[in-house]
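# Observations on the three-dimensional arrangement
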Amino acid sequence: MSTTSRSTTLLLARHGQTVWHADNRYAGVSDVPLTDEGRAQAEALGRWAAAHPVDAIWTSTVSRAVATAEPACRALGLVPRREPALRECDFGVVEGRTLAEFEAENPVRAKAFRADPVSYPFPEAEDPRTAAARGTRALRHIAAAHSGERVLVVAHNTLLRLVLCSALSIPLGEYRRVLPSLGNAAITELRVEDGSAALLSLNVPCAP
């Protein structure tokens, strides 16, 4: 189906690599900076945006997402709009730690999380269903505000996977299995029209 004036194309991108990526540490509400590689990924996203122009750019309010969007904003002369509801999930007691570290401390809870991360989130973490709902509302608002346009949205790995499951009628508890990870600064394209969403591409790198 061709794009109509009522549809919005959302180009969803995870932020660039951070200093916690090497150890695969959970970075939710923590304000963790980009690495040199992360900044290079942001520049690649900027070049991609220049070659595939977008009409607007939205980011979460977390600095790693804002920094990832900056080269695209510069390339297109756009001012990013920051949306608090696009922030990453709060991972509670696992914030700044690895799943292996948590598992060594609490193997029963870690096993339950692996089996169903929505029914058994980390202790003191944000309810994934709440995160999915706020992220979905944010994307619906963005889509409605930019009918007929292309919008780059820079956000976070777990939030985007939950929102994708919600938009595509995939059970939220399956997000880690169905969508193991989104690549840093890779593009996932959604067409949103009349309240429904169609997945056009998933996790496409911006650079070779």
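Before reading further, recall that the structure is shown in the block above.
Residues numbered from 1 in each chain as written. Predicted model: local features only at pLDDT ≥ 70, side-chain atom pairs only at ≥ 80, totals over all residues. Heavy atoms only, no water.

## Concerning the environment of Glu43
As a reminder, the rule being used: Numbering of helices and strands runs from the N terminus; a helix is a DSSP stretch of H or I covering at least four residues, while a strand is a stretch of E covering at least two. Remark: exposure states derive from per-residue accessible area (1.4 Å probe, protein chains only) relative to the maximum for the residue type, with buried under 20%, exposed over 50%, and partly exposed in between. Two residues form a contact once any of their heavy atoms are found within 4.5 Å.
Mapped onto the fold, Glu43 is located in helix H1 (residues 36-51). Classification of Glu43 by relative accessible area gives partly exposed; the value is 32%. For the pair Glu43 and Ala69, spaced 26 residues apart in sequence, the C-alpha to C-alpha distance is 8.8 Å. If sequence neighbours within four positions are ignored, Glu43 has contacts with Pro71 and Arg74.

## Here's the deal with the packing of aromatic side chains
The following threshold applies: Pairing of aromatic rings covers Phe, Tyr and the six-membered ring of Trp, with a centre-to-centre limit of 6.5 Å; geometry is then stacked below 30 degrees between planes, edge-to-face above 60, and tilted otherwise.
A complete count under the given rule lists four aromatic pairs for this structure. Note on Phe102 and Phe122: the rings are 5.3 Å apart at their centroids and 80° apart in plane angle, and the pair reads as edge-to-face. Of this pair, Phe102 sits in helix H3 (residues 99-105) while Phe122 sits in the loop between helix H4 (107-115) and helix H5 (128-145), and the two are 20 residues apart along the sequence. Phe122 matches Phe102 in its accessibility class, with the two residues each being buried. Measuring from centroid to centroid gives 4.1 Å for Phe113 and Phe122, while their planes differ by 25°, and the two rings are stacked. Here Phe113 matches Phe122 in class, with each residue buried. Clustering of aromatic rings is evident, with ring pairs tying together Tyr26, Phe91, Phe102, Phe113 and Phe122.

## Notes on the pattern of salt bridges
If the charged atoms of two oppositely charged side chains come close together, the side chains can form a pair. Quick note on the threshold: The salt bridge criterion pairs a side-chain nitrogen of Lys or Arg with a carboxyl oxygen of Asp or Glu, the two atoms within 4 Å.
Within this structure, the stated rule accounts for 12 salt bridges. A salt bridge links Arg25 to Asp23; its shortest N-O distance comes to 3.6 Å. Arg177 serves as the salt-bridge partner of Glu174, at 2.5 Å between the closest nitrogen and oxygen. Sharing partners across several salt bridges, the network here consists of Arg6, Glu193 and Asp194.

## Quick word on the packing of H1 against helix H2 (residues 63-76)
To be explicit about the condition: For helices, the fitted line uses only the C-alpha atoms of the stretch in contact; every axis is such a line through C-alpha atoms, and the angle between N-to-C directions lies from 0 to 180 degrees. Here is the rule for handedness: rotate from the far helix to the near one, and if that takes an anticlockwise turn smaller than a right angle the crossing is left-handed, while a clockwise turn gives right-handed. Three categories are distinguished: nonpolar for Ala, Val, Leu, Ile, Met, Phe, Trp, Tyr, Cys and Pro, charged for Asp, Glu, Lys and Arg, and polar for the others, with Gly belonging to the last.
Packing of H1 against H2 leaves a shortest axis separation of 7 Å and a crossing angle of 35°. Regarding H1 and H2, the two cross each other, and that crossing is right-handed. Here Ala42, Glu43, Leu45, Gly46, Ala49 and Ala50 of H1 come into contact with H2, specifically with Ala67, Thr68, Pro71, Ala72, Arg74, Ala75 and Leu76. Among the residues forming the contact of H1 with H2, the class breakdown is nine nonpolar, two polar and two charged.

## Here we look at H2
We count it as follows: Given a helix with a known number of residues, its expected span is that number minus one, times 1.5 Å. In this analysis the local bend is the angle between axes fitted, respectively, to the seven residues ending at and the seven residues starting at the residue.
In a regular helix each residue adds 1.5 Å, so 14 residues correspond to 20 Å; H2 covers 20 Å between its end C-alpha atoms and thus fits that length. Of all the bends in H2, the largest measures some 35° and sits at Glu70, one to four residues before the proline Pro71. Looking only at H2, the buried set comprises Arg64, Ala65, Val66, Thr68, Ala69, Pro71, Ala72 and Cys73. Among the structural elements, strand S1 (8-14), H1, strand S2 (56-59), strand S3 (81-82) and strand S4 (150-155) are those in contact with the buried residues of H2.

## As for the nonpolar core
For the record, the criterion: The term nonpolar core refers to a set of buried residues drawn from Ala, Val, Leu, Ile, Met, Phe, Trp, Tyr and Cys, joined through side-chain atoms within 4.5 Å.
One finds Leu10, Leu12, Phe122, Leu139, Ile142, Val153 and Leu162 to be the most contacted residues of the largest nonpolar core, which totals 37 residues. Elements with a contribution of two residues or more to this core: S1, S2, H3, H4, H5, S4, helix H6 (157-167) and strand S5 (187-193). In this structure, Val153 is in contact with Leu10, Leu11, Leu12, Ala13, Trp58, Leu86, Leu139 and Ile142, ignoring residues within four places of it in sequence. The next biggest cluster of nonpolar side chains, apart from the first, holds 16 residues, and it includes Ala69, Ala72, Leu152 and Ile187.

## Side note on the environment of Asp127
Looking at the element boundaries, Asp127 is found in the loop between H4 and H5. In this structure Asp127 comes out as partly exposed when scored by relative accessible area, which is 28%. For the pair Asp127 and Val163, spaced 36 residues apart in sequence, the C-alpha to C-alpha distance is 13 Å.

## Thoughts on the sheet that holds S4
Here is the rule: When DSSP locates at least two bridges between a pair of strands, those strands are taken to pair.
If you walk across this open sheet you meet the six strands as S3-S2-S4-S1-S5-S6, and the pairing is mixed. Taken across any chain shown, the strands that pair with only one partner, and hence form the sheet edges, are S3 and strand S6 (196-204). Across four bridges, S2 lies against S4 in parallel orientation. Across the sheet, residue Ala56 finds its bridge partner in S4, namely Val151. Packed on one face of the sheet, H1 meets S1, S4 and S5 and runs near 170° to S4.

Geometric values such as these leave the question of function open.
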